[in-house]
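Understanding the architecture of this molecule
Residue-level listing of the chains:
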Amino acid sequence: MKKIIVFTILLITANATFSQPSNVSSTLTKQDYLQKSKHQKTAAWILMGGGATLLLTGIVIPKGALTHSGFLDDTYKNDGIKDAFDLTGIVSMLGSIPFFIASSKNKKKAASLSFKNEPIPKLQKNSFVYRTIPALTLKIYL
């Protein structure tokens, strides 16, 4: 019985892995690239702003102070927290850079040149007929 169950699960798994479509088109449209760029830029600004806030918080937290006898004062035990805020802020701000770069690349992909058959009206035997001519289009999204 165990062999039958194991064999059935193995057969189902093998069928599912080899039954994937092989001609899936993953081409994205210009709207998809613009939406992706917008989301990446939002994520980048959130990381940048959060990192700046953490860094400023780490700067504001007072550092441990030496007393006149040379020992650390017990009221300033925030050195570990201060360093954690500073490090997290810097890492977060550096982590936003790839998002800005990816956003820029996706926006450039969306605003690319493309060939398109443009219909134009043409006068032929006292009536307008739409003829298509190849045209070079450049779309710039602001």
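Cut-off values and rules
Residues numbered from 1 in each chain as written. Predicted model: local features only at pLDDT ≥ 70, side-chain atom pairs only at ≥ 80, totals over all residues. Heavy atoms only, no water. Helix = DSSP H or I, 4+ residues; strand = E, 2+ residues; numbered from the N terminus. Expected span 1.5 Å × (residues − 1). Contact = heavy atoms within 4.5 Å. Phe/Tyr/Trp six-rings, centres within 6.5 Å; stacked < 30°, edge-to-face > 60°. Buried < 20%, exposed > 50% of the residue type's maximum accessible area, 1.4 Å probe, protein only. Axes fitted to C-alpha atoms, helices over the stretch in contact; angles between N-to-C directions. Parallel < 35°, antiparallel > 145°, perpendicular 65-115°, else oblique. Left-handed = near helix turned anticlockwise from the far one by under 90°. Nonpolar A, V, L, I, M, F, W, Y, C, P; charged D, E, K, R; others polar. Patch = residues over 30% accessible without salt bridge, like charges linked within 9 Å, V, L, I, M, F, W, Y side chains within 5 Å. Areas by Shrake-Rupley, 256 points an atom, 1.4 Å probe, with all protein chains shown as cover. Salt bridge = Lys/Arg side-chain N within 4 Å of Asp/Glu carboxyl O. Lys, Arg positive; Asp, Glu negative; His and termini not counted. Charge placed at Lys NZ, Arg CZ, Asp CG, Glu CD.

**Description of unusual backbone geometry**
Phi is positive for Lys125, close to 55 degrees, though the residue is something other than glycine. Along the chain, Lys125 falls in the loop between strand 1 (113–123) and strand 2 (128–138). Positive phi is not limited to glycine here, since Asn126 has a value of about 65 degrees. Positionally, Asn126 belongs in the loop between strand 1 and strand 2.

**Structural notes on helix 2 (residues 30–60)**
In this model helix 2 runs 45 Å from its N-terminal to its C-terminal C-alpha over 31 residues, within 8% of the 45 Å that 1.5 Å per residue would give. For helix 2, the secondary structure elements touched by its buried residues are helix 3 (79–110).

**Thoughts on the packing of aromatic side chains**
Applying the stated criterion across every chain yields a total of one aromatic pair. Summarising the aromatic geometry, the rings of Trp45 and Phe100 are spaced 5.1 Å apart at their centres and angled 85 degrees between planes, so their arrangement reads as edge-to-face. One end of the pair, Trp45, is in helix 2; the other, Phe100, is in helix 3, with 55 residues separating them in the sequence. The exposure class assigned to Trp45 is exposed, which follows from its relative accessible area of 54%. According to the relative accessible area criterion, Phe100 is partly exposed, its value standing at 24%.

**Looking at helix 3**
In a regular helix each residue adds 1.5 Å, so 32 residues correspond to 46 Å; helix 3 covers 47 Å between its end C-alpha atoms and thus fits that length. When helix 3 is considered as a whole, its buried residues turn out to be Lys82, Asp86, Gly89, Ser92, Ser96, Ser103, Asn106 and Ala110. Where helix 3 is buried, its residues meet helix 2.

**Let's talk about the packing of helix 2 against helix 3**
Where helix 2 meets helix 3, the axes come as close as 7 Å, and the angle between the chain directions of the two elements is 160 degrees. Relative to helix 3, the element helix 2 lies roughly antiparallel. Of the two elements, helix 2 crosses helix 3, and the hand of that crossing is left-handed. The residue makeup of the contact of helix 2 with helix 3, split by class, is 18 nonpolar, 13 polar and seven charged.

**Some points on the side chain of Asn106**
Counting through the fold element by element, Asn106 comes out in helix 3. Ignoring anything within four residues of it in the chain, the contact list for Asn106 reads Tyr33, Lys36, Ser37 and Gln40.

**Let's talk about a positive patch on the surface**
A surface patch of positive charge is lined by Lys36, Lys105, Lys108 and Lys109. Considering each element in turn, the positive patch owes the most residues, three residues, to helix 3. Looking at where Lys108 falls in the secondary structure, it is placed in helix 3.

The quantities given are spatial measurements derived from coordinates; they are silent on function.
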